[in-house]
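Close look at the chain arrangement
Chain by chain, the residues:
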Amino acid sequence: MVLINLRLSCILFLASGSLILAACNGHEELCSRQYSKVSFVGAHNSPFVGCLPQQNQEWSVTRQLNNGIRFLQGQTHRAPVTGSLNFCHTSCFLENAGKVTHFLRKVKTWLDVNPNEVVTLLITNGDSVPIADFDSAFNRSGITHYAYIPPISPLAINAWPTLQELINAGTRLIVFLDSGANATEVPYILDEFEYYFETPYDQTDCTFSQCKIDRPSNASASGRMYLVNHTLNINLLNTGILVPDRVAAATTNSLASIDAQAYLCSSLYGRKPNVMLLDFVDKGDVIGAQNVLNAL
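Residues numbered from 1 in each chain as written. Predicted model: local features only at pLDDT ≥ 70, side-chain atom pairs only at ≥ 80, totals over all residues. Heavy atoms only, no water.

All right, on to the environment of T251 then. By secondary structure assignment, the location of T251 is in helix α6 (residues 249-252). Taking the C-alpha atoms as reference points, T251 and C206, 45 residues apart in sequence, are found 9.0 Å from one another. (Helix = DSSP H or I, 4+ residues; strand = E, 2+ residues; numbered from the N terminus.)

As structure tokens, this is what we get:
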């Protein structure tokens with residue numbers, strides 16, 4: 001086998017007279033597809049791992065990535081006493097997964113050894129922390145050089161590079177922040193709601209029978225990618241306290257359930273969801289659903 005090293009980051013191998021193209025995010029056919037036309041299954045509250053009611057995942061972030069998850073979401077807050085920027089669920093007293101910097105270092109380590117993968121981070125700014133603090137956390141982690149900076153901001157939905165172009169440029173990390181982004185000050189941290197709309201979260205309906213626009217309020221679907229919150233919750237004793245429905249996760253994350261809501265959304269907006277956000281990505285057939293969404 002002769003290795004042919006091209007300027008493109010795709011790697012070609014000559015074997016038995018045939019050429020094999022290295023895949024982008026595991027699939028050769030995604031290499032030529034614009035980022036804004038790729039569908040991802042995402043890990044909701046990716047850093048919050050464990051068996052407690054406030055924890056949304058059972059796999060570590062590295063294991064999530066190893067098993068095909070390329071969209072990681074997490075909520076941040078100021079840690080008490082230290083004042084550090086941490087991944088915390090609702091508050092750092094309820095669930096504290098540690099410093100944002102530590103999480104980012106894990107993602108960087110994974111990106112270092114997986115050169116044909118594009119990963120997206122969606123960060124929730126729970127305490128309206130200044131954008132400079134996020135920039136500092138990214139810089140300390142060493143991951144910033146992987147971050148994609150659009151040539152103009154906001155970038156039109158039809159102007160996104162392909163996955164292969166992102167890989168070639170080494171800008172394989174796309175970062176969104178739900179509140180407080182400032183492209184002039186920190187150009188690689190993108191304002192989520194300039195680029196996306198979201199469907200309602202905190203769902204307790206196991207049929208996921210709606211796909212209306214929830215955030216930003218009064219938004220148009222035109223020109224925006226979109227994220228579907230396909231996460232199921234239990235209303236504890238009708239108290240209004242919602243916790244992830246771990247027991248039903250295999251059904252919620254089944255191909256049938258994900259595909260049904262994705263089909264509903266597609267019928268409303270004329271295009272497939274960009275993200276199906278899920279709890280407990282170790283359950284069900286989440287990668288199978290992602291493959292179906294990305295099928296031509």
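Having seen the model, we can carry on.
Take the confidence of the model for the protein next. Regions with low pLDDT carry predicted coordinates that are not meant to be interpreted in detail. Across the protein, the average pLDDT comes to 92, with 93% of residues at 70 or higher. Strand β9 (residues 173-177) holds the highest mean pLDDT among the elements of the protein, 99, whereas strand β1 (residues 2-4) holds the lowest, 34. Ignoring residues within four places in sequence, the model shows residues 1-20, a span with pLDDT below 50, making 30 contacts including any to other chains. (pLDDT = per-residue confidence, 0-100. Contact = heavy atoms within 4.5 Å.)

If you check helix α7 (residues 255-269), its first and last C-alpha atoms are 21 Å apart, about what 15 residues at 1.5 Å a residue would give, namely 21 Å. Among all positions in α7, only S257, I258, Q261, A262, C265, S266 and Y269 are buried. All buried residues of α7 lie within an arc of 160 degrees about the axis, which places them on one face of the element. Seen from the buried face of α7, the exposed residues on the opposite side, beyond 90 degrees, are A256, Y263 and S267. (Expected span 1.5 Å × (residues − 1). Buried < 20%, exposed > 50% of the residue type's maximum accessible area, 1.4 Å probe, protein only. Arc of directions from axis to C-beta.)

Let's shift gears to the state of the cysteines. The tally for this structure, following the rule as stated, stands at three disulfides. Two residues share a disulfide in this structure: C24 and C31, whose sulfurs sit 2.1 Å from each other. Its torsion about the S-S bond being 105 degrees, the disulfide of C24 and C31 is classed as right-handed. Overall, the relative accessible area of 1% leaves C24 in the buried class. Owing to a relative accessible area of 5%, C31 belongs among the buried residues under this scheme. Between C88 and C92 runs a disulfide, and the two sulfur atoms are separated by 2.0 Å. In this structure the cystine formed by C88 and C92 twists about its S-S bond by roughly 90 degrees; its chirality is therefore right-handed. The same class applies to C88 and to C92, which are both buried. By sequence-ordered numbering of the bonded cysteines, the protein has its disulfides arranged as 1-2, 3-4, 5-6. The thiol of C51 is unpaired, and the distance to the nearest cysteine sulfur, on C88, comes to 18 Å. With no disulfide of its own, C206 lies 16 Å from the sulfur of C265, the closest cysteine sulfur. (Disulfide = S-S within 2.5 Å.)

On to the pattern of salt bridges, then. Inspection of every chain in the model, using the stated rule, returns seven salt bridges. Here R70 makes a salt bridge to E117, at a shortest N to O gap of 2.8 Å. Of this pair, R70 sits in the loop between α1 (61-66) and β5 (71-78) while E117 sits in the loop between α2 (100-112) and β8 (119-125), and the two are 47 residues apart along the sequence. Note on E117: relative accessible area 11%, which makes it buried. One salt bridge connects K108 with D112, and the closest N-O pair in it is separated by 2.8 Å. One end of the pair, K108, and the other, D112, are both in helix α2, four residues apart, so they sit about a helical turn from each other. The partly exposed category is assigned to D112, whose relative accessible area is 37%. One salt-bridge network, in which partners are shared between bridges, spans E58, R246, D282 and K283. (Salt bridge = Lys/Arg side-chain N within 4 Å of Asp/Glu carboxyl O.)

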